Structure formats: structure tokens, C-alpha cells
Amino acid sequence: MEQKLNVVLITVDQMRRDCIGASGNDTIETPHLDMMKHDGYMMSKAYSAVPSCIAARAALLTGLSQKSNKRLGYRDGVAWDYEHTIASEFAKGGYHTQCIGKMHVFPERNLCGFHNVVLHDGYLHSSRDYNKNAANVFSGTDDYLHWLKQQKGIDADITDAGLDCNSWVARTWPYEERLHPTNWVVSESIDFLRRRDTGKPFFLHMSFVRPHSPLDPPEYYYNMYKNADLQDVTIGDWADTTDAGEEGLSVTCTEGKISAQGLKRAKAAYYGLITHIDHQIGRFLQALTEYRMLYNTVFLFTSDHGDLMGDHNMFRKSMPYEGSAGIPFLIYDPGKNIKGTRNKTFDNIVELRDVMPTLLDIAGLEIPQCVEGNSLLPVIQGEENCWREYLHGEHSSGMRSNHYIVTKKDKYIWFSQTGKEQYFDLSDDPKETKNVVHAPSNKERVELLRNCLIKDLKDREEGYSDGVRLFVGRKVKSVLGMED
């Protein structure tokens with residue numbers, strides 16, 4: 001009997017697409033991710049359709065679009081009860097399935113089809129509520145926190161560095177490097193190799209909380225970048241450069257101007273966290289080699305969304321711009337198990353819903369009919385001529401609620417509460433510095449993309465579209481079928 005491939009899904013939290021050396025970033029050091037690109041395949045136009053943690057993970061784990069998984073923004077406490085998940089399908093296919101790290105689902109210990117979850121969600125405001133049921137509060141659910149207390153004492157906590165989980169403030173990790181959550185995910189993953197059912201292939205989801213804030217890399221990694229000449233932020237000619245409300249004074253601001261020194265430290269720490277993850281991935285690859293499984297394993301590396309990191313005087317995620325919605329997407333095949341030309345970059349419009357069908361297809365397992373994502377295996381093998389022409393993305397976020405239509409060459413954005421529109425020619429302006437929505441030469445193209453959005457929103461329960469036009473100011477929802 002032919003031996004089945006092992007499959008490792010590696011996800012990070014809040015990593016921009018442009019933070020891989022092999023993607024053209026000459027400042028950041030990502031040797032193992034660069035190797036993955038060399039011995040695999042890179043998707044250069046991958047996006048998160050709903051760029052924040054919960055909604056992005058719903059697409060990742062179910063293969064469904066936001067209209068079907070019903071997650072349109074960030075809302076904790078909504079039960080995950082999907083019939084088909086990537087883990088459940090691998091389990092049905094005879095795989096031993098395990099997740100280590102962040103799940104960000106509800107209830108917090110929901111297995112979502114995995115045989116086992118070793119959980120660390122990081123700091124989640126919902127679970128850090130001491131008034132919650134003991135089965136849901138962080139002190140009863142987070143495995144890393146229990147381990148950290150065993151190492152450093154009962155008073156130890158993930159908040160000991162004094163940094164907020166959404167802050168741009170940066171400092172080094174206060175404990176030994178081996179105790180960092182990034183190291184812990186890899187240590188537990190290596191232990192899984194020892195404890196797994198050796199009679200089955202495995203599907204392992206290694207889910208890192210970083211480089212999401214807190215921006216706290218171990219000292220070695222912060223020192224790599226603290227004096228480096230880092231890439232400048234991008235400020236579009238449409239961006240607010242005044243910060244009249246002094247939003248930048250908030251350490252958790254989503255927009256505003258912060259000091260040049262603070263921004264430099266934030267980016268140095270952000271880069272340091274990414275290089276730290278890269279080196280720890282290398283540690284896991286060494287362990288796989290020692291178990292003689294590296295060449296029978298296929299990997300997919302991606303992120304749930306990006307981080308604006310000061311671009312256009314914005315921070316964090318949920319916005320439709322490249323820094324927030326653009327994500328890395330690498331398939332690594334060290335054993336040459338996939339027929340295709342390796343070290344190749346593809347420009348297909350890829351989304352997180354494509355992860356599930358791609359990995360099931362690579363493993364030779366059946367893809368549930370309900371899945372709306374597409375397998376990238378035919379694309380890699382040069383057999384796929386039909387692919388989505390555009391992606392509809394969105395995010396509910398009060399007055400910042402937005403929708404976007406992105407193609408290989410351009411992007412149209414509509415803010416549902418104000419009616420404001422933007423159009424960027426990504427071919428000539430990949431950093432979105434010029435909003436040319438009103439240029440006469442773009443009138444027909446803008447109308448075409450607007451009509452794509454009108455069609456996609458037709459008959460949605462919010463009432464955004466009647467199939468002919470868009471309606472401004474309709475009540476937004478973070479979850480379809482529920483009132484906010």
C-alpha cells in the first residue's frame with residue numbers, strides 16, 4: 001500500500017505578505033520560509049477575505065466563504081458547529097489530527113474535528129473575564145498558561161511584560177527564550193511526533209500567536225533589527241496625516257500618528273517575532289528529519305491576516321488595504337511529492353478558504369461538496385485554466401465597515417456606512433498610494449468592479465444591495481443571522 005503523505009499546516013497570526021525575504025523584502029531574515037519557497041510554491045496574491053482572527057479562521061477551518069460560514073467581522077462567544085472542517089475530513093481519511101497553539105473558537109476547548117488540541121489562544125478579552133464560567137475562562141482553558149506557571153511559579157502570566165495584546169508598544173520577552181509561546185508551540189509539536197499513532201499518517205496544525213501583539217521577541221531577535229534600516233511605512237495621498245483627535249496617543253490605536261521612535265521599535269519587534277518563528281520552524285524541520293519523515297510531509301504556511309504596521313497611519317487589521325488583507329501563502333514540498341515546477345510563484349487570487357481543499361487534494365482525500373474554496377493542486381501542476389477572477393472581501397467595524405473587490409491588477413473599496421469609494425491600480429501602484437477612483441479613465445473599470453460587489457451583496461440580510469445599486473448606512477452585522 002502506498003504510504004500517505006503527512007500534512008503540516010503552519011499558521012501565524014497577523015503577518016503581512018511582504019514580510020518574507022524571498023518575496024522581495026531585503027531587510028527581514030526568513031531563511032526557512034525562503035527555503036520553503038525554493039522547494040515549493042508561493043502564492044503572491046493571497047488574501048484574507050475578512051481580515052481579523054475569528055472570521056479568517058472560520059474560512060481556514062471550513063473552506064467556506066463568509067456568506068456561508070456567516071462570520072463578517074470580530075465577535076467572540078458564537079458557537080462553532082460546522083459539520084465539515086479540515087480536521088474532521090483528515091480524521092475521516094484515516095489521519096491522526098492534532099492542533100497546537102491558537103484556535104480562537106467557541107467554546108474555547110471546541111475540538112473542531114481534531115483528535116486533540118493543545119491550546120494557547122494568547123490574550124483574548126472574552127476569555128480573560130474572571131466572571132465567566134470556569135469552563136470558558138482562560139485559567140481553565142489555556143494549556144500554555146498552565147505550563148508557564150509550572151516553569152516560573154503560580155504568579156506568572158502572559159501579561160507580565162506589561163504589553164497589551166493589541167499594542168504597538170514593544171519590548172523584549174521578559175523570560176528565557178525557551179519559555180516564549182513560539183518555542184512552546186514547536187516543543188509541543190516535536191513531542192507530538194513522539195506521541196502520535198505511528199500506524200497513521202498525521203495532520204498537524206501548528207498555530208502560532210505571534211507576530212500578533214504583544215510585540216515581545218526574545219532579546220536576540222529584537223537586537224537583529226533595533227538598529228537596522230527598516231522599510232519606511234507607506235502613506236497614501238488619501239491618508240489622514242493630521243491625527244486631529246490624537247488617536248496615536250492610545251497604545252491600542254487602529255489609526256493615528258505615533259512617534260518615529262515608537263514606530264521603529266514596533267517594526268523591529270515585529271520583524272524579530274517573524275524571524276524567531278522562522279528559526280523555530282527550522283527546529284521542527286530538524287526533528288522531522290530525525291524521525292525520517294521530512295520527505296514524506298507536505299507543508300502549507302499562511303497567516304490569518306496582516307498588520308498595517310503604520311501604513312497610511314493605520315495599525316492592526318480589519319481594513320481592506322494590502323498590509324491588512326494581504327497574507328503569505330507557501331506550499332513546501334521537500335520530498336518532491338507534488339508534480340510541478342518548484343520554486344515558482346503564482347499570481348492567482350487565493351483566499352484562506354482555499355487551504356482546506358488544497359491540503360485534502362494533496363493528501364488524496366475527498367473534498368466535501370459544501371466547500372467553496374478551490375484546490376491549488378491543479379494550478380501547481382499546470383492543469384487549471386479556470387480560477388476566480390476576483391475576490392469579495394469585507395469587514396464589519398462600525399463606521400470603518402468596508403467591502404472590497406480585488407483582482408490580479410486592481411482593487412475597489414466601498415465603505416458601507418459613508419458611501420466612500422476608493423480604487424487602486426495595483427499593477428502600477430501596489431502600495432495603494434493613489435486613490436484614482438474619480439479619474440475619468442477609470443470610470444468603466446470602477447463601474448465594473450462596483451457591479452461585482454452589487455451582485456455579491458444582492459439579497460444579503462443587511463440590505464446593502466438590491467442587485468442594481470448599493471445602499472449606504474444599512475446596519476452592519478458581524479455574524480449573519482444574529483443581531484450585534
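Basis of the calculations
- Residues numbered from 1 in each chain as written.
- Predicted model: local features only at pLDDT ≥ 70, side-chain atom pairs only at ≥ 80, totals over all residues.
- Heavy atoms only, no water.
- Helix = DSSP H or I, 4+ residues; strand = E, 2+ residues; numbered from the N terminus.
- Rg over C-alpha atoms; globule rule 2.2 N^0.38 Å.
- Buried < 20%, exposed > 50% of the residue type's maximum accessible area, 1.4 Å probe, protein only.
- Contact = heavy atoms within 4.5 Å.
- Areas by Shrake-Rupley, 256 points an atom, 1.4 Å probe, with all protein chains shown as cover.
- Lys, Arg positive; Asp, Glu negative; His and termini not counted.
- Charge placed at Lys NZ, Arg CZ, Asp CG, Glu CD.
- 1 Å grid on protein atoms, 1.4 Å probe; cavity = no way out; pocket = protein on both sides within 12 Å on 5 of 7 lines; lining within 4 Å.
- Points joined across faces, edges and corners; volume = space filled by probe spheres on them.
- Nonpolar A, V, L, I, M, F, W, Y, C, P; charged D, E, K, R; others polar.
- Polar contact = N/O pair within 3.5 Å; in protein donor to acceptor, adjacent residues only side chain to side chain.
- Pairing = 2+ DSSP bridges.
- Arc of directions from axis to C-beta.
- Phe/Tyr/Trp six-rings, centres within 6.5 Å; stacked < 30°, edge-to-face > 60°.
- Lys NZ or Arg CZ within 6 Å of the ring centre and 35° of its normal.
- Disulfide = S-S within 2.5 Å.
- Axes fitted to C-alpha atoms, helices over the stretch in contact; angles between N-to-C directions.

Asks: Could you clarify how one ought to interpret the overall build of the protein chain in this entry?
Replies: If you tally the helices and strands in the protein chain, you get 13 helices and 14 strands. Taken over the C-alpha trace, the protein chain has a radius of gyration of 22 Å; the compact-globule value for 484 residues is 23 Å, and the two agree within 12%. With respect to the three principal axes, the spread of C-alpha positions in the protein chain is 60 × 50 × 45 Å. For the protein chain, buried positions account for 60% of its 484 residues. For the protein chain, restricting intrachain contacts to residue pairs at least 6 apart in sequence, the fraction spanning at least 24 positions comes to 69%. Carbon and sulfur atoms make up 46% of the accessible area of the protein chain, which amounts to about 19,500 Å² in all. Taking the average place of the 56 positive charges on the side chains of the protein chain and the average place of its 67 negative ones, the gap between the two points comes to 1 Å.

Asks: Can you help me understand the layout of surface pockets in this one?
Replies: A probe matching the size of a water molecule, rolled over the atoms, marks out where space remains unfilled. Of the volumes computed, that of the largest pocket is approximately 750 Å³. Forming the boundary of the largest pocket are 35 residues, of which Arg 16, Arg 17, Asp 18, Pro 430 and Lys 431 lie nearest the centre. Contributing elements (two or more residues each) for the lining of the largest pocket: strand 2 (40-43), helix 9 (260-290) and helix 10 (322-325). The leading source of residues in the lining of the largest pocket is helix 9, at three residues. Class assignment for the residues of the lining of the largest pocket results in 14 nonpolar, ten polar and eleven charged. For the second largest pocket, the calculated volume is near 510 Å³. Every residue lining the second largest pocket is counted, 34 residues in all, and those nearest its centre are Tyr 74, Asn 166, His 212, Arg 316 and Lys 317.

Asks: What exactly am I supposed to notice about the side chain of Ser 88 here?
Replies: Counting through the fold element by element, Ser 88 comes out in helix 4 (residues 86-92). Polar contacts involving the side chain of Ser 88 include one to the side chain of Glu 89, which spans 3.2 Å. With near-sequence residues (within four places) excluded, Ser 88 lies in contact with Glu 83, Cys 112 and Gly 113.

Asks: What exactly am I supposed to notice about the pairing of strand 6 (residues 202-211) here?
Replies: Within a regular strand, side chains alternate between the sheet's two faces. Here strand 6 lies mainly inside the structure; ten of its ten residues are buried. Taken together, the six bridges between strand 1 (residues 6-13) and strand 6 define a ladder with parallel strand orientation. Directly across from Thr 11, in strand 6, lies its bridge partner Ser 207. As paired elements, strand 4 (residues 96-101) and strand 6 share six bridges and run parallel to each other. Along strand 6, the bridge assignment pairs Cys 99 with His 205.

Asks: Honestly, helix 6 (residues 143-152) in this entry has me stumped. Any pointers?
Replies: Residues spaced three or four apart along an α-helix point in a common direction, a consequence of the helix completing one turn every 3.6 residues. Taken together, the buried positions of helix 6 are Tyr 144, Leu 145 and Leu 148. Projected down its long axis, helix 6 shows its buried positions confined to an angular sector of 100°, all on one face. Against strand 5 (116-119), helix 5 (138-141) and helix 7 (181-195) lie the buried residues of helix 6. Residue Asp 142 occupies the N-cap position of helix 6, its side-chain oxygen lying 3.1 Å from the main-chain nitrogen of Tyr 144. Two residues or fewer past helix 6, Gly 153 is found with a positive phi of approximately 110°.

Asks: Can you help me understand the packing of aromatic side chains in this one?
Replies: The description of an aromatic ring pair rests on the distance of the ring centres and on the angle between the ring planes. Following the criterion strictly, the structure yields 18 aromatic pairs and no others. Each residue in the set Phe 90, Tyr 95, Phe 114 and Phe 203 is aromatic and connected to the rest through ring pairs, giving one cluster. Across the ring face of Tyr 47, the terminal group of Arg 17 is positioned such that the distance to the ring centre comes to 4.7 Å. Over the face of the ring belonging to Phe 415 we find Lys 420, whose NZ or CZ atom lies 5.6 Å from the ring centre.

Asks: Any chance you could explain the state of the cysteines here in plain terms?
Replies: Between two cysteines, a covalent bond joining their sulfur atoms is known as a disulfide. Summed over all chains, the structure comprises zero disulfides. Looking at the unpaired Cys 99, the closest cysteine sulfur is the one in Cys 112, lying at 9.0 Å. Cys 386 supplies the cysteine sulfur nearest to Cys 452, a cysteine that is in no disulfide, at a spacing of 15 Å. Its relative accessible area of 13% is what places Cys 452 among the buried residues.

Asks: What exactly am I supposed to notice about the sheet that holds strand 2 here?
Replies: Working definition: the strands of a sheet are paired by backbone hydrogen bonds and lie parallel or antiparallel to each other. On the basis of which strands lie adjacent, the open sheet formed by eight strands has the order 5-4-6-1-7-8-2-9 and mixed pairing. With partners counted over all chains shown, the strands left at the sheet margins are strand 5 and strand 9 (344-346), one partner each. Looking at each pair of strands side by side, their axes are set apart by 15° on average, direction ignored. By the bridge criterion, four bridges tie strand 7 (residues 297-303) to strand 8 (residues 329-332) in an arrangement that is antiparallel.

Asks: Looking at this model, I keep getting lost on the pairing of strand 7. Mind explaining?
Replies: Where burial is concerned, most of strand 7 is hidden: seven out of the seven residues are buried. Relative to strand 7, strand 1 runs parallel, the two being bridged by seven bridges. Residue pairing in the sheet places Asn 6 in a bridge with Thr 297 of strand 7.

Interpretation note: all reported values are geometric properties and have no functional meaning in isolation.
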